[in-house]
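Structural description and commentary
Now for the letters of each chain:
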Amino acid sequence: MRAYTYYGSGDLRLADKPRPEIKEPGDAIVRVTLASICTSDLHIKHGSVPRAVPGVTIGHEMVGVVEAVGSGVAKVKPGERVAVNVETYCGECFFCKNGWVNNCTDPDGGWALGCRIDGGLAEYVRVPHADTGLSVIPEGVTDEQALFTGDILATGYWAAKISEIGPGDTVLIIGGGPTGYCTLECVLLKKPARVIVCDRHPERLELVRAHHPEVLTTGPEGLREYTLAHTEHGGADRVIECGGSDESFQLAWQCARPNAIVTVVALYDRAQSLPLPDMYGKNLTFKTGGVDGCDCGEILRLIAAGKIDTTPLITHRYPLSNIERAFEVFEHRRDGVIKTAVDCAR
Ligand SMILES: [Zn+2]
Ligand SMILES: [Zn+2]
């Protein structure tokens, strides 16, 4: 089968590999119908993910059809359409039992797919811990609707959840890219009084306005003043930082009102500093970290109910045979691309 494979820094190729087989009782084999490319895949490509194993098939955003399951799998069966969770987790360790599946201590726990074990930019993928890592796609939900469930949508859902958003709140989302947009979809479910999305790319703000005209949009210049002008208590009640730059990190705490919650979702390529003397008396609560993808079933129910729609993010579609072009366009942000959908059968 064809599998897009990482061989070392800067070296990704569509390789011919044997179809994966069941190795452990908890495994499932999924025929990938649709996959996507994530910024993390670019980080692997450029050698900035040391955990990535040369020879590994990349790809961790995908949906497909279960082909086979191991003897220990109880929740999914062959023939079912499933969304694959970016995190594989055992469901039994201390962290899993507390719902912190990102910190699962199993050797295959956390983000392993498409990094430490073969991922889904391929015709087939082996998913360990299939009972926790796969969620059945409800009838009537298309592959494109379900595509982001296990990764960026799980991230947005988790970010909105831990931000403890109340009905009177103004929520500022910094970074309106794919993760920011997914976060917005999930923040709106909490029915805050007001949402502001900040991004420096006008086409991203346009997409937000086109689908959510009630949301305020602005660029990063003068964001502090803009936020002050649209809030009553000296800043946003909740700030969710999806931007990932030095500037966006500083804006996140600067735009927060005293006693606000600042949730940092972004991944930075270098250390950030908290200027504590400048923040003294602001009494902020920071929440940080990677996605805790344990709500995929609920996310799919919300998609089925028409309450979450991330299909506007899909701007480009490619067959797996043309994956190199898909990467090229995504990496260099050509042609207004936001997210690509890769048809792994073609
Ligand atoms: Zn990702
Ligand atoms: Zn675990």
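Here is what the cut-offs are and how they apply
Residue numbers here run from 1 along each chain, matching the order of that chain's written sequence. Going through the entries in the order they are written, you letter the chains from A and number the ligands from 1. A pLDDT threshold of at least 70 governs which residues receive local features in this predicted model, and a stricter bar of 80 or more applies before side-chain atom pairs are shown or counted, although totals over entire chains, interfaces and linings include all residues. Runs of H or I in DSSP of at least four residues are treated as helices and runs of E of at least two as strands, each being numbered from the N terminus. In this setup the radius of gyration rests on C-alpha atoms only. A globule is expected at 2.2 Å times the number of residues raised to 0.38. Each residue gets a C-beta atom placed from its backbone, and two residues are in contact if those atoms lie within 7 Å. In this document the domain limits rely on a domain assignment from an automatic tool or a database. Throughout this entry, Asp, Glu, Lys and Arg are counted as charged residues, while Ala, Val, Leu, Ile, Met, Phe, Trp, Tyr, Cys and Pro are counted as nonpolar. The remaining residues, Gly among them, count as polar. Angles shown run from 0 to 180 degrees and are taken between the N-to-C directions of axes, each axis being a line fitted to C-alpha atoms and, for helices, limited to the stretch in contact. Relative orientations are named as follows: roughly parallel for angles under 35 degrees, roughly antiparallel for angles over 145 degrees, roughly perpendicular for angles from 65 to 115 degrees, and oblique for any other angle. Each helix crossing is assigned a hand: it is left-handed if the near helix lies turned anticlockwise from the far helix by less than a right angle, otherwise right-handed if that turn is clockwise. We call a residue exposed when 12 or fewer other C-beta atoms sit within 10 Å of its C-beta, buried when the count reaches 20 or more, and partly exposed for counts in between; the C-beta positions come from the backbone. Residues enter a nonpolar core if they are buried, belong to Ala, Val, Leu, Ile, Met, Phe, Trp, Tyr or Cys, and are joined to the set through C-beta atoms within 7 Å. When DSSP finds two or more bridges between a pair of strands, those strands are recorded as paired. Directions are taken from the helix axis to each C-beta atom, and the arc is the one they span.

1. Some words on the overall build of the chain
The helix and strand inventory of the chain stands at 12 helices and 18 strands. For a compact globule of 346 residues, the expected C-alpha radius of gyration is about 20 Å, and the chain comes in at 20 Å, within 12% of that figure. Over its C-alpha atoms, taken along the principal directions, the chain stretches across nearly 60 × 40 × 40 Å. Of the contacts formed within the chain by residues at least 6 apart in sequence, a portion of 70% connects residues at least 24 apart.

2. Things to note about the domain arrangement of the chain
Along its sequence, the chain is carved into domain 1 (2–151 + 292–343) and domain 2 (154–288). In this structure, domain 1 and domain 2 have C-alpha centres spaced 27 Å apart. In the side of domain 1 that touches domain 2, the residues fall into eight nonpolar, six polar and six charged.

3. Focus on the packing of helix α5 (residues 152–162) against helix α6 (residues 178–188)
Direction vectors running N to C along α5 and α6 enclose 50 degrees, while the axes themselves pass 7 Å from each other. Between α5 and α6, the angle is such that the two are oblique. Pair α5 / α6 crosses with right-handed handedness. Along its contact with α5, which presents Ile152, Leu153, Thr155, Gly156, Tyr157, Ala159 and Ala160, the element α6 presents Pro178, Thr179, Cys182, Thr183, Glu185, Cys186 and Val187. Classifying every residue of the contact of α5 with α6 by side-chain character gives nine nonpolar, four polar and one charged.

4. Considerations on unusual backbone geometry
Within the chain, Glu164 stands out as a residue other than glycine whose phi angle is a positive 50 degrees. Here Glu164 is to be found in the loop between α5 and β11 (170–174). A residue is classified by how many C-beta atoms lie within 10 Å of it, and Glu164, with 14 of them, is partly exposed. The residue Asn283 is not glycine, and still its phi comes out positive at about 55 degrees. Position of Asn283 among the secondary structure elements: in the loop between α10 (276–279) and β16 (285–288). Classification of Asn283 by C-beta neighbours within 10 Å gives exposed; the count is 10.

5. What to know about the nonpolar core
In this structure, Ala28, Val30, Ile173, Val239, Ala252 and Val342 are the most contacted members of the largest nonpolar core, which totals 96 residues. Cys90, Val101, Cys104 and Cys294 belong to the second-largest nonpolar core, a separate cluster that totals six residues.

6. Some remarks on the sheet that holds β16
Judged by pairing direction, the sheet is parallel, and its six strands sit side by side in the order β13-β12-β11-β14-β15-β16 without closing on themselves. Edge positions in the sheet fall to β13 (216–218) and β16, since each has one partner strand and no second. Going from strand to strand, the sheet's axes swing by 20 degrees on average, the running direction of each strand aside. On the sheet, helix α9 (residues 246–254) packs against β11, β14 (236–241) and β15 (256–264) and is oriented at approximately 140 degrees with respect to β15.

7. Points about the environment of Gly70
Relative to the assigned elements, Gly70 resides in the loop between β5 (62–69) and β6 (81–84). Exposure remark for Gly70: the 17 C-beta atoms within 10 Å place this residue in the partly exposed category. Here the alpha-carbon distance between Gly70 and Pro50, two residues 20 residues apart in the chain, equals 31 Å. Those residues in contact with Gly70 that lie beyond four places of it in its chain are Ile22, Glu24, Pro25, Gly26 and Asp27.

8. Observations regarding the environment of Val197
With respect to the helices and strands, Val197 occurs in strand β12 (residues 194–198). With 27 C-beta atoms counted inside 10 Å, the residue Val197 sits in the buried group. Beyond its immediate sequence surroundings of up to four residues, Val197 is in contact with Ile173, Gly176, Gly180, Leu184, Leu205, Val208, Val215 and Thr217.

9. Let's talk about the sheet that holds strand β4 (residues 56–57)
In space, the three strands of this open sheet follow the order β2-β1-β4, with antiparallel pairing throughout. Each edge of the open sheet carries a strand with a single partner, namely β2 (11–16) and β4. The pairing of strand β1 (residues 2–8) with β2 spans six bridges and is antiparallel. Directly across from Tyr4, in β2, lies its bridge partner Leu14.

10. Remarks on helix α7 (residues 202–211)
Buried within α7 are the following residues: Arg204, Leu207 and Val208. When α7 is viewed along its axis, its buried side chains cluster within an angular range of 100 degrees and face the same direction. Exposed residues on α7 whose side chains face more than 90 degrees from its buried face are Pro202 and Ala210. Packing partners of the buried residues in α7 comprise α6, β12 and β13.

11. Some words on α5
Along an α-helix, residues three or four positions apart point the same way, because every turn accommodates 3.6 residues. With respect to burial, α5 is a largely interior element, nine of its 11 residues being buried. Along α5, the residues that are buried comprise Ile152, Leu153, Ala154, Thr155, Gly156, Tyr157, Trp158, Ala159 and Ala160. Packing partners of the buried residues in α5 comprise α6, β14, β15 and α11 (296–304).

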